[in-house]
Amino acid sequence: MKRISGASCRRLCGYDPSPRKMWIEVLLLCTIVLIYIMLLTGSASIDDKRGHEAPPADSIDSDSKEQAIPQRPLVYAQRLERVKRTCMSNNPTLQRLQRQPLEKQTLRNLIVDDQYKMIYCSAGKLGTTNWRRVLLALRYPDRFGNVTNTPAAKAHGVKLHSLSDYPEEEQTYRLDNYYKFMFARNPLERIASAYRSKFTYDFPYNRFYHQNYGRMIVDRYRDSPSPESLQLGKDVRFDEFLRYLADPEMQAVDENTHWSRLYVACNPCAVRYDMIGKMESFGADAAQVLYDTNVDELVRMPTRSQSNYRNRETASVVKRMYDAIDNTLVSKLIGLYQLDFGMFGYEWPP
């Protein structure tokens, strides 16, 4: 067989070894390689992004959720467990509250936010004014977006939906599906706070309490009251207010949300709360609620200094108030609020 030389082969194959054509082929090869590398890199980048995206909520198992959400302080679970144990006791009052429908007072106390799916028990003297400021900011951001600029009178004067506004079926749905929270406080400290804010100031807001409670209290519990005191009811003494609460004939202890017992006002035996905050740790607990409900970047709880509170109860102030009260009367009050003391882990003296 005749051997074909290299030069003949190159001529037969049409291969032109000229420098210009060689450079063109090299550039073409480099372009192809570069495109291939880019395709590989882009695919890896897409896969990497997919790997870091949060999966849909319904596809996250319980272990994934615990890793995605910062661990809640153990104290919150302990508070809920304490309430659960108290409700499961053989106390007939608590058993009745679990069996029967929620009382009208409780339904009115439960403020509903449908947009952010939360329910707040707005019992008085538990940071309620600030919580109303926050809920107003969420519901009406254009009008009340700056929580520190909302006066207390406006915070309480603007209507927020309560659970009592809904038909029974819709009440049940919200109780089963919304995030529910409440706050607690030492019962006797809360009573002292209610007395100071409602009976020791002479502002238009306080006059409702003077007229509807003060006059009756003075008439019933004061020896030889002056005509002015009977007419205005604005000089109620602390001991008179406590006697009114402890009077079995009056049954006044659950008559008003500012001093109603929390096991009645919020009924945690029937309402399964997701969070129970305490006034002693109000700032941290409020921040946890805002985080839990995914509104922590929309609104902030105002600080106490921003709230312009007139009353600033301290342990020493409350102690002085009760030091002047007969021990028998204090014991009666402790008995009346005993379930709140036990349910929320309080003692007296604190």
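A quick note: this is a predicted structure, and the numbers were derived from the prediction, not measured. (Residues numbered from 1 in each chain as written. Predicted model: local features only at pLDDT ≥ 70, side-chain atom pairs only at ≥ 80, totals over all residues. Heavy atoms only, no water.)

Draft legend 1. Structural context of the pattern of salt bridges. Within this structure, the stated rule accounts for 17 salt bridges. Residue D274 is joined to K180 by a salt bridge in which the shortest nitrogen-to-oxygen separation is 3.7 Å. Residue D274 is located in the loop between α15 (262–265) and β4 (275–278), and its partner K180 is located in strand β3 (residues 179–184); the two are separated by 94 residues in the primary sequence. Its relative accessible area of 29% is what places D274 among the partly exposed residues. Using a relative accessible area of 4% as the deciding quantity, one classes K180 as buried. With a shortest N-O distance of 2.6 Å, R261 and D254 are connected by a salt bridge. As far as burial versus exposure is concerned, R261 and D254 are alike and both buried. (Salt bridge = Lys/Arg side-chain N within 4 Å of Asp/Glu carboxyl O. Helix = DSSP H or I, 4+ residues; strand = E, 2+ residues; numbered from the N terminus. Buried < 20%, exposed > 50% of the residue type's maximum accessible area, 1.4 Å probe, protein only.)

Draft legend 2. The arrangement of the packing of aromatic side chains in detail. If you walk through the whole model with that rule in mind, you get 25 aromatic pairs. For the ring pair Y195 and F199, a centre distance of 6.1 Å and an interplane angle of 25 degrees mean the geometry is stacked. One end of the pair, Y195, and the other, F199, are both in helix α11 (residues 187–199), 4 residues apart, so they sit about a helical turn from each other. Overall, Y195 belongs to the buried group, its relative accessible area being 10%. Note on F199 and F241: the rings are 5.3 Å apart at their centroids and 45 degrees apart in plane angle, and the pair reads as tilted. You can see F199 sitting in helix α11 and its partner F241 sitting in helix α14 (residues 238–246), a full 42 residues away along the chain. You'll find F199 and F241 in the same group, each marked buried. A network of ring pairs unites the aromatic residues Y195, F199, Y205, F208, Y209, Y213, F238, F241, Y244, W259, Y322 and W348 as a single cluster. Its guanidinium or amino end placed over the ring of Y346, K278 lies 4.5 Å from that ring's centre, counting from NZ or CZ. (Phe/Tyr/Trp six-rings, centres within 6.5 Å; stacked < 30°, edge-to-face > 60°. Lys NZ or Arg CZ within 6 Å of the ring centre and 35° of its normal.)

Draft legend 3. Spotlight on the state of the cysteines. Enumeration over the complete set of coordinates arrives at 2 disulfides. Between C87 and C269 runs a disulfide, and the two sulfur atoms are separated by 2.0 Å. Judged by the sign of its S-S torsion, about -85 degrees, the bond between C87 and C269 is left-handed. Remark: C269 occurs in the loop between α15 and β4 and C87 occurs in helix α4 (residues 74–87); sequence separation between them is 182 residues. For the residue pair C87 and C269, the accessibility class agrees, reading buried in each case. (Disulfide = S-S within 2.5 Å.)

Draft legend 4. Quick peek at the environment of A324. Within the secondary structure layout, A324 lies in the loop between α18 (315–323) and α19 (327–336). What makes A324 exposed here is its relative accessible area of 67%. Note: C-alpha distance between A324 and F238 (86 residues apart in sequence) is 9.2 Å.

Draft legend 5. A look at helix α7 (residues 128–139). Helix length check: α7, at 12 residues, gives a terminal C-alpha distance of 16 Å against a target of 16 Å (1.5 Å per residue), a fit within 8%. Across the 12 residues that make up α7, a large majority, 11, are buried. Looking at α7, one finds that the buried residues are T128, T129, N130, W131, R132, R133, V134, L135, L136, A137 and L138. (Expected span 1.5 Å × (residues − 1).)

Draft legend 6. Highlighting the pairing of β3. Most of β3 is tucked away: 6 of the 6 residues are buried. Both β3 and β4 contribute to a ladder of 4 bridges, which runs parallel. Each residue of the ladder has a partner; that of A184, found in β4, is K278. (Pairing = 2+ DSSP bridges.)

Any link to function would need more than the numbers given here.
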